[in-house]
Amino acid sequence: MPDLLIELFSEEIPARMQRRAGEDLKKIITNGLVEAGLTYVAAAAFTTSRRLTLTVEGLLANSPTVREERKGPRADASEKAVGGFLRGVGLTRDEVEVRGSPKGDILFAVIEKPGRPAVDIISQVLEHAIRNFPWQKSMRWGTGTLKWVRPLQSILCILSDDSGATVVPITAQGIAADNKTQGHRFMAPKMITVTGFDDYRVKLKRAYVILDPDERAQVICHDATNVAFASGLELIEDKNLLAEVSGLVEWPVVLMGRINSAFLELPAEVLQTSMREHQKFFSVRNPKTDKIENFITVANREAKDSGATILAGNEKVLSARLADAKFFWENDLIVAKSDLSIWTKALKNVTFHNKLGTQFDRVKRIEALASNLALAVGADIKEAEEGARWAKVDLNSEMVYEFPELQGTMGSYYIKASGRSLAVAVASKEHYSPLGPSDSVPTAPVSVVVALADKLDTLTGFWAIDEKPTGSKDPFALRRGALGVIRLVIENNLTLKLTRFVELQLLRHEIEINREQASKDDLVVIEGVAADAATDGVLPATISTILDGADTQIGGLIPSIQKSIEQVSIDLLNFVYDRLKVYLRDQGFSHDVIDACIAMDQDVDLTSVVKRIKALSEALKTDDGENLIQGYKRANNILSQAEHSSGVEYSYGADLKFMENDEERALFAALDKVGADIAAAMKDQDFTTAMTAMASLRMPIDAFFETTLINADNEIVRRNRLNMLSRIRTLCLSVADLNKLDG
Amino acid sequence: MSDTVIAPSSFQEIILRLQEYWSKQGCAILQPYDMEVGAGTFHPATTLRSLGPKSWAVAYVQPSRRPTDGRYGENPNRLQHYYQYQVLIKPSPPDLQDLYLESLHAIGVDLTLHDIRFVEDDWESPTLGAWGLGWEVWCDGMEVSQFTYFQQVGGHDCHPVSGELTYGLERLAMYILGVDHVMDMPFNDPKAPFSLSYGDIFKQTEEEYARWNFDVANTEVLLRHFAEAEAECNAILSVEPTDPKMKQKIVMAHPAYDQCIKASHIFNLLDARGVISVTERQAYIARVRTLAKACADAFLETTAGGWSAEDVL
């Protein structure tokens, strides 16, 4: 069985596109071959900066012959019907068969599609692949119309078996396929003729090309670690950089150089970022000083001076880069040490969003909310305010202008340099977290407050202007923001009534959005409400309730703000719940348990919801818990029916003197005891104890149902029993809405 | 490629060798455009001539001005006035990468000792409504050239595609000559009776222009000039194509484009004066782009842009 080798050789392919392109080539070609009937044993794709290579082993030499039968009309059908059938199958009347059947003679066409040689199929499939390759970005060149990532220079396509290799004839924009390729651009540029994949791979290696990107990455990693180790140093691993660098070279040669001592005082993050982003250097740490003192660059060649010229050049470029970084660092420190507010004032010139004002407005809102949140999180109010005030101070620093990815990190350095507390400084770096499901969540109270305030301000802002995520579009990363809020609250075990803070921040947005059109009186009222909330620290009630009491005109601004805050808040909090459901399902909780507990949550106290969910899940794992649910459902069904038919509520409480059997009396006693236990546990939000107490009702409830007929003939006895069921329902709904549970 | 590498001794020798090399490759060696531009790409020999079906091959030095980059001549490699070497060949030849590498050899880069890399860099000029794909070329980690295949200019698809090479001359020369500060670089032969350094020629002008660009340029005048250039560009393009005197079609794409270049440079000056806010910036860029697109449209109505009276008949 023959093997296929394809190499598409081009000018340099961007590193970030290579791996995906290799996978696409493999998928497109193998799918195309299989669709055409050519199956194979194995296939693998490889990429370098100049080639996409695919090897397919054990291909069929021909696609199998396919026989197809088609049933036509009766032999004596109208000429029109028969003619149509014959045209459809492309045969003449003599070429179709007539077969007898109970319904008379029927025409049958037997079409045999002979197999095609692999060469024909490959040529067709590859040509189609080249013309329709899914490059992220592609281009034309010269006078042609073909699109490729960069100009395609040659095509190698051979089918080989024991008898030798045949070139598969393909032409794309004047490039005819052959059995040749080139080695390394500088070290072995001569043409190489190959007979198959193994020959290709070996000859390339001799021509200074390592075909497999994983092998190149291994070589780089291994050599870099060794060269650092030999000098008593440690390579700082960087997987993304390694993947990128292995796509930039065909023949990796690791060289280690020194960072000029003038720059060693720069923050480690600055050194690392500058070296990685600008120069694609790895950082090397000296364990004795715990500083980054060296770098590793990966050249694409060996040189007769062992790389001395290359290294000297790289060191020089790095020095120029770091001189810039040092210039920014020193200038920034001057500002930081004199007056941080120079930077925050400049945020007035930076638009955050055209409907949500400037970054300066945003920081002010975040600071106000941070102040409100401080108590609930257990942070010092003054520190929380300061943390928020300076958290984004570095957005106007020179260093962050140059390296946006250092935002927050630089803020922490500069705030510290300004003489402010460590907690305030650290908040700048930490308040962006968590950036995703795997990023760690800050725990320092000031950082937590600022992180929450930042995310809630963004969420409420985009909700207020109705720019919510839709489908796959989430340009402001609001899903990530909501998950951030959830993780900050839950993982820090915060008791926080989110509704109140969301409504308060929505009010702040409404004030800004309506400032131009609002009457002075209305502004005084709503600003007063926002200010009261700020001075009180704790919010007495939701903003809509507070606004209810305000002296307002019907049809004026305040009723409309009130209404919109209420609606938008519900919508946003439902969005948060949706993210919470995703988050908890990922942790293995079942959807009905989550829904049952969310149903009980009035103030959007996420920590409490999660505690409920954990308690309920645990209880459901026990025999008692599972059976309790059945008992509860039975009690609830009977009770609901009775309530429905008579229109009466059975909430008076049962009376011992109307009880007729021991089981009834035992349940009554149990309900009293458990009722007291649950009430005590609920006060401390100890849902596990409440659930355990509830589960202990299972035995008396089961016994009760086994022995006692609810709908007794005596109406007083019946009502008394229904009152007892009502008690069961009330107690069982303490932690979760059990009706929402499946099964 | 011959193996021997002869080291150049001065900035101008590097320029002369590039001129000689690209002349040998068949390029017409043009002189710099006589207007202030931010980069060699703005020269009409690149911007306009990359449009239309006609073949084209030129190389030239273009003095370029970026007012915001001025550092009073103190930064070792930042200047508000510097030189670019620009090559534009349409259609892009299949061996353009090799031609480029040979040019490095010609100016004294020993390709057996250095690490040359083509690193992804997609080029986009919002002011010209242009984009292309290519690389920045690295020599031992230093960017020495831009290499671009033009895909669109002035909003029009380029067909055929031009290959564009841009050498940042000062940086490249400093590297080849082993100079750490641009002002120390020998401009002419250091052994000449009157040897001149780059600083002898440009240190003072860098100081003068940096001061003017940042602190003195009259922004009111500049704002007015911007509006005037914009109006003049539009006025030129709205004139009836047929010249009543010559009785033939004379579309004035180049004079209109001069006004577009002018507007673009004035915008750069205003930017350096810090009078353009972030939001206004986008609006100014869009205004220049509108002019560039209109000029590109007009150029395609000229003979050089591929228009032919016979096509119309």
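Remember, it's a predicted structure, so these values are computed and weren't measured experimentally. (Residues numbered from 1 in each chain as written. Chains lettered and ligands numbered in written order. Predicted model: local features only at pLDDT ≥ 70, side-chain atom pairs only at ≥ 80, totals over all residues. Heavy atoms only, no water.)

1. What about the overall build of chain A?
Applied cut-off: Here a strand is any run of E in DSSP of at least two residues, a helix any run of H or I of at least four, and the numbering for each starts at the N terminus. Here the globule rule reads 2.2 Å times residues to the power 0.38, and the radius of gyration is calculated from C-alpha atoms. Burial classification: accessible surface area is computed with a 1.4 Å probe over protein chains only, and a residue below 20% of its type maximum counts as buried, one above 50% as exposed, and the rest as partly exposed. In what follows, a contact means two residues having at least one pair of non-hydrogen atoms within 4.5 Å. Counting rule for charge: Lys and Arg are taken as positive, Asp and Glu as negative, and neither His nor the chain ends is counted. Here the site of a charge means atom NZ of a Lys, CZ of an Arg, CG of an Asp or CD of a Glu.
Assigned secondary structure in chain A consists of 27 helices and 18 strands. Against the compact-globule benchmark of 27 Å for 743 residues, chain A has a radius of gyration of 37 Å, which places it well outside the compact range. Overall, the C-alpha framework of chain A stretches about 105 × 100 × 55 Å when taken along its three principal axes. Counting every position in chain A, which comprises 743 residues, the buried fraction comes to 52%. Restricting the contact set of chain A to residue pairs at least 6 apart, pairs at least 24 apart contribute 68%. Where the 88 positive side-chain charges of chain A centre and where its 104 negative ones centre are 5 Å apart.

2. Considerations on a nonpolar patch on the surface
Here is the rule we go by: Each patch is built from residues that are more than 30% exposed by relative accessible area and take part in no salt bridge. Like charges join if they lie within 9 Å; nonpolar side chains (Val, Leu, Ile, Met, Phe, Trp, Tyr) join within 5 Å. Using the Shrake-Rupley algorithm and a 1.4 Å probe, accessible areas are obtained, with residue cover drawn only from the displayed protein chains. A pair is scored as a salt bridge if a Lys or Arg side-chain nitrogen falls within 4 Å of a carboxyl oxygen belonging to Asp or Glu.
Where nonpolar side chains cluster on the molecular surface, the patch consists of V239, M246, I250 and M252 of chain B and spans about 320 Å² of accessible area. Relative to the helices and strands, V239 of chain B resides in the loop between α6 (219-237) and β10 (242-243).

3. Looking at the sheet that holds strand β1 (residues 3-10) of chain A
Residue and element names in this part refer to chain A. We count it as follows: Strand pairing is defined by DSSP finding a minimum of two bridges between the two strands. To define axes, lines are fitted to C-alpha atoms, for helices over the stretch in contact only, and angles between the resulting N-to-C directions are given on a 0 to 180 degree scale.
Taken in spatial order, the five strands line up as β2-β3-β1-β7-β8 in an open sheet, and their pairing is antiparallel. Among the strands making up the open sheet, the edge pair consists of β2 (42-47) and β8 (164-167). For this sheet, the mean inter-axis angle between neighbouring strands, taken without regard to orientation, is 15 degrees. Where β2 and strand β3 (residues 51-57) come together, six bridges link them in antiparallel fashion. Bridge pairing in β3 links F46 to T53. Set on the sheet, helix α4 (residues 197-206) makes contact with β1, β2, β3 and β7 (152-161); between it and β3 the angle comes to about 145 degrees.

4. Some points on the side chain of E385 of chain A
Residue and element names in this part refer to chain A. Rules: Think of a polar contact as two N or O atoms within 3.5 Å of one another; within protein, one of them needs to be a possible hydrogen donor and the other a possible acceptor, and neighboring residues in sequence only count if both atoms come from side chains.
In this fold, E385 is placed in helix α11 (residues 381-391). Looking at E385, its side chain comes within polar contact range of the side chain of S371, at 2.8 Å. Aside from chain neighbours lying at most four places away, what touches E385 is E367 and S371.

5. Considering the nonpolar core
Residue and element names in this part refer to chain A. The condition that has to hold: Side-chain atoms within 4.5 Å are what join buried Ala, Val, Leu, Ile, Met, Phe, Trp, Tyr and Cys residues into a set we call a nonpolar core. Domain limits in this description derive from either an automatic procedure or a database domain assignment.
Core analysis: the biggest nonpolar cluster contains 113 residues, and L452, L580 and L606 have the highest contact counts within it. Here this core gets 13 residues from one element, more than from any other, and that element is helix α20 (residues 557-586). Residue-level mapping places this core at the junction of two domains, with at least three residues from each of domain 4 (343-588) and domain 5 (608-740). Once residues lying within four places of it in the same chain are set aside, the contact partners of L452 are L373, V377, V485, L488, V489, L494 and L496.

6. Quick word on the packing of α6 of chain B against helix α7 (residues 253-272) of chain B
Residues and elements named next belong to chain B. Applicable threshold: Angles below 35 degrees are treated as roughly parallel, those above 145 as roughly antiparallel, those between 65 and 115 as roughly perpendicular, and all remaining angles as oblique. Left-handed describes a crossing whose near helix is turned anticlockwise from the far helix through less than a right angle; right-handed describes the clockwise counterpart. Throughout this entry, Asp, Glu, Lys and Arg are counted as charged residues, while Ala, Val, Leu, Ile, Met, Phe, Trp, Tyr, Cys and Pro are counted as nonpolar. The remaining residues, Gly among them, count as polar.
Contact pair α6 / α7: the axes reach a minimum separation of 8 Å and the direction vectors enclose 160 degrees. With respect to each other, α6 and α7 are oriented roughly antiparallel. Crossing of α6 over α7 shows left-handed handedness. Of α7, the residues touching α6 (which contributes T219, L222, L223, H225, F226, A229, E232, C233, I236 and L237) are P255, A256, Q259, K262, A263, I266, F267, L269 and L270. When its residues are assigned to classes, the contact of α6 with α7 shows 14 nonpolar, three polar and two charged.

7. As for the interface of chain A and chain B
Put simply, the test is: Throughout, buried area stands for the accessible area (probe radius 1.4 Å) lost by two parts on being put together, summed over both.
At the interface, 42 residues of chain A touch 42 residues of chain B. The contact between chain A and chain B buries some 3300 Å² in all, and 51% of this surface belongs to carbon and sulfur atoms. Area buried by chain A at its contact with chain B is led by R140, R150 and F186 of chain A, which between them contribute 18% of it. One salt bridge in this structure joins E120 of chain B and R16 of chain A, with 2.6 Å as the shortest N-O distance. On the surface where chain A and chain B come into contact, there are 22 residue pairs in polar contact (both at pLDDT 80 or more). Looking at the side of chain A that touches chain B residue by residue, the classes come out as 15 nonpolar, 14 polar and 13 charged.

8. As for the domain arrangement of chain B
Residue and element names in this part refer to chain B. For chain B, the assigned domains are domain 1 (11-211) and domain 2 (218-312). The C-alpha-based centres of domain 1 and domain 2 are spaced at 25 Å. Listed per partner, the contact involves 24 residues of domain 1 and 25 residues of domain 2. For the pair domain 1 and domain 2, the summed buried area comes to about 2200 Å², and 71% of that belongs to carbon and sulfur atoms. Looking at the side of domain 1 facing domain 2, the largest losses of area belong to L48, P67 and T127, adding up to 26% of the total buried there. One can count zero salt bridges joining domain 1 with domain 2. Where domain 1 packs against domain 2, one counts six residue pairs in polar contact (both at pLDDT 80 or more).

9. Let's talk about helix α5 (residues 213-230) of chain A
Residue and element names in this part refer to chain A. Test applied: In a helix, the anticipated span is given by 1.5 Å times the number of residues less one.
Look at α5: 26 Å from first C-alpha to last across 18 residues, which is about the 26 Å you get at 1.5 Å a residue. The complete set of buried residues in α5 reads P213, E215, R216, A217, I220, A224 and A228. The backbone nitrogen of D214 has a side-chain oxygen 2.9 Å away, supplied by the residue at the start of α5, namely D212. Looking one or two residues past α5, G232 carries a phi angle of roughly 75 degrees, positive in sign.

10. Looking at the confidence of the model for chain A
Applicable threshold: Confidence of the predictor at the level of single residues is given by pLDDT, which spans 0 to 100.
On average, residues of chain A carry a pLDDT of 91, and 97% of them reach 70 or more. Element-level pLDDT for chain A is lowest in helix α19 (residues 543-548) of chain A, with a mean of 70, against a maximum mean of 98 in β1 of chain A.

11. Some thoughts on the pattern of salt bridges
Note that side chains of opposite charge can pair when their charged atoms are close. Applying the stated criterion across every chain, the model contains 64 salt bridges over all chains. With a shortest N-O distance of 3.7 Å, D466 of chain A and K468 of chain A are connected by a salt bridge. Judged by relative accessible area, D466 of chain A falls into the exposed class, the value being 54%. A relative accessible area of 33% means that K468 of chain A is categorised as partly exposed. Beyond isolated ion pairs, a larger network of salt bridges with shared partners links E12, R50 and R185 of chain A together with D98 of chain B.

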